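One-letter residues, chain by chain:
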Amino acid sequence: MPSQTWTAAGTYSFSVPSGITSVQVQCWGAGGGGGYAGIVQDEISGQTTAYAGCGGGGGEYAEDTAYAVTPLATVTVVVGAGGTGGGAPPNFSATGLAGGNSTVASTGVVAHGGAGGESQMGSYPALGGAGGSGSGNSPEEPGGAGGAGSDVSGLGGGGGSSGGTAAAGNGGQSPPPAQTYPAAGGGAPAGGGAGGVGGAYQGGNGADGSSPGGGAGGGTSPPSGSDFGSSQYWPGGNGADGQVIITWGTSGGGGGGGGGGSPTGYGPGGILMTGML
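Residues numbered from 1 in each chain as written. Predicted model: local features only at pLDDT ≥ 70, side-chain atom pairs only at ≥ 80, totals over all residues. Heavy atoms only, no water.

Section: the overall build of the protein chain
Within the protein chain, the regular secondary structure consists of 0 helices and 14 strands. Each helix (α) and strand (β) of the protein chain, taken in turn from the N terminus, gives the series β-β-β-β-β-β-β-β-β-β-β-β-β-β. Taking all 277 residues of the protein chain together, 52% fall into the buried category. Here the analysis covers contacts within the protein chain between residues at least 6 apart in sequence; of these, 69% occur between residues at least 24 apart. Carbon together with sulfur atoms contributes 54% to the accessible area of the protein chain, which is approximately 10,300 Å² in total. (Helix = DSSP H or I, 4+ residues; strand = E, 2+ residues; numbered from the N terminus. Buried < 20%, exposed > 50% of the residue type's maximum accessible area, 1.4 Å probe, protein only. Contact = heavy atoms within 4.5 Å. Areas by Shrake-Rupley, 256 points an atom, 1.4 Å probe, with all protein chains shown as cover.)

Encoded structure:
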């Protein structure tokens, strides 16, 4: 069946084809950004303290299998933007920003974005971002939560995955104190996006979440007590943008903002159109 997919953050218009009175709508909220990490050296004692970042939450999945529409009407589609990581310009706060909601017709179908991961530089204990949840649509699958960072090893938490088409998202790892490798991001269920891994041991930026809607990994600092010479900082990764897919029940006719051309192809802004005969 013909469909149209939007993968880049932004606001779009979908033109309902002639004769179509219901469509399938699938939405994924965007992933939250990871928290900022740093190692801070006391100017008097010279002692260093590690502050880890936490992973961002994954976006929610929401669907309406038979959303009512009016033939030839225009429907507004919004793809939520992934949350910027803490300490990553233009976000200069320690906590990652929340991912945006993805919607069709404003409130018709809504998938919520994941929350940003906190940073131990801003709060203690710091928490991973909650996964997106709460849609009134059905079926619905919540995103996975971001993992918390370790104040012993300095490792940042892994990002949570987005919800899949038939399963909830998976949470990012909260690394134990003795771990010396990056915290794992939540694995992607079918149709979802994986969470980003935490920053590399001894200091590293959190990894970005994977599309659609994966939460980002938190930044990692060297362990407390490390002889690092000065205070230094590592930002969290960025959450992945959300996604919207609209599918309708006939291969005939135009509409969908792109009649004509080949059966499968990309329109302006990276919009994937299939079955457009």
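Let's talk about the sheet that holds strand E5 (residues 48-51)
Reading across from one edge, E5-E4-E11 is the order of the 3 strands in this open sheet, with antiparallel pairing throughout. A single partner strand is all that each edge strand has here, and the edge strands are E5 and strand E11 (232-234). This sheet shows a mean twist of 10 degrees between the axes of neighbouring strands, independent of strand direction. As paired elements, strand E4 (residues 37-41) and E11 share 3 bridges and run antiparallel to each other. (Pairing = 2+ DSSP bridges. Axes fitted to C-alpha atoms, helices over the stretch in contact; angles between N-to-C directions.)

Considerations on unusual backbone geometry
Both trends apply: most residues other than glycine have a negative phi, and most peptide bonds are in trans. With an omega of 5 degrees, the peptide bond running from serine 138 to proline 139 counts as cis. Note that proline 139 resides in the loop between strand E9 (109-111) and strand E10 (140-141). Residues serine 211 and proline 212 are joined by a peptide bond in cis, for which omega reads 0 degrees. Turning to its location among the elements, proline 212 is positioned in the loop between E10 and E11. The phi dihedral of alanine 105 is positive, around 55 degrees, even though this residue is not glycine. The exposure class of alanine 105 is partly exposed, given its relative accessible area of 30%. Backbone geometry at serine 106 places phi at a positive 65 degrees, although glycine is not the residue there. Turning to its location among the elements, serine 106 is positioned in the loop between strand E8 (102-104) and E9. Since its relative accessible area comes to 52%, serine 106 is described here as exposed.

Let's talk about the side chain of serine 102
In this fold, serine 102 is placed in strand E8. Residue classification places serine 102 among the buried positions, given a relative accessible area of 0%. In this structure the side chain of serine 102 is engaged in a polar contact, spanning 2.7 Å, whose partner is the backbone oxygen of tryptophan 28. Ignoring sequence-local partners within four residues, the contact set of serine 102 consists of Cys27, Trp28, Gly29, Val78, Val79, Gly80, Val109, Val110, Ala111, Gly242, Gln243 and Val244. (Polar contact = N/O pair within 3.5 Å; in protein donor to acceptor, adjacent residues only side chain to side chain.)

Overview of the sheet that holds strand E2 (residues 10-15)
Within the open sheet, the 4 strands sit side by side as E2-E7-E8-E9. Their pairing is antiparallel. The two strands at the open ends of the sheet, each matched to only one other strand, are E2 and E9. Strand-to-strand twist across the sheet, computed as the mean angle between neighbouring axes with direction ignored, equals 15 degrees. Sheet topology note: the E8/E9 ladder contains 3 bridges and is antiparallel.

Focus on the packing of aromatic side chains
Across all of its chains, the model carries 5 aromatic pairs by this definition. A centroid spacing of 6.5 Å and a plane angle of 40 degrees characterise the contact between tryptophan 6 and tyrosine 12, whose relative ring orientation is tilted. Of the two residues examined, tryptophan 6 and tyrosine 12, each falls in the buried class. With a centroid separation of 4.8 Å and an interplanar angle of 55 degrees, the aromatic rings of tryptophan 28 and tyrosine 61 are classed as tilted. Here tryptophan 28, found in strand E3 (residues 22-28), pairs with tyrosine 61, found in strand E6 (residues 61-68); they are 33 residues apart in sequence, far enough to count as distant. Both residues of the pair, tryptophan 28 and tyrosine 61, count as buried. Put simply, the rings of Trp6, Tyr12, Phe14 and Trp248 touch in pairs and so form one group of aromatic residues. (Phe/Tyr/Trp six-rings, centres within 6.5 Å; stacked < 30°, edge-to-face > 60°.)

Considerations on the confidence of the model for the protein chain
For any part of a model where pLDDT is low, the fine detail of the predicted coordinates should not be relied upon. Overall, the predicted model of the protein chain reaches an average pLDDT of 89, with 89% of residues at or above 70. Across residues 251-270 the pLDDT falls below 50, and counting only partners more than four positions away or on other chains, this stretch makes 45 contacts in the model. A low-confidence stretch, residues 273-277 stays under pLDDT 50, and its non-local contacts, those more than four residues away or across chains, total 32 contacts. (pLDDT = per-residue confidence, 0-100.)

Re the environment of glycine 134
Tracing the chain through its elements places glycine 134 in the loop between E9 and E10. For the pair glycine 134 and alanine 62, spaced 72 residues apart in the sequence, the C-alpha separation amounts to 9.5 Å. If we ignore the near neighbours within four places in the chain, the residues touching glycine 134 are Glu60, His112 and Glu140.

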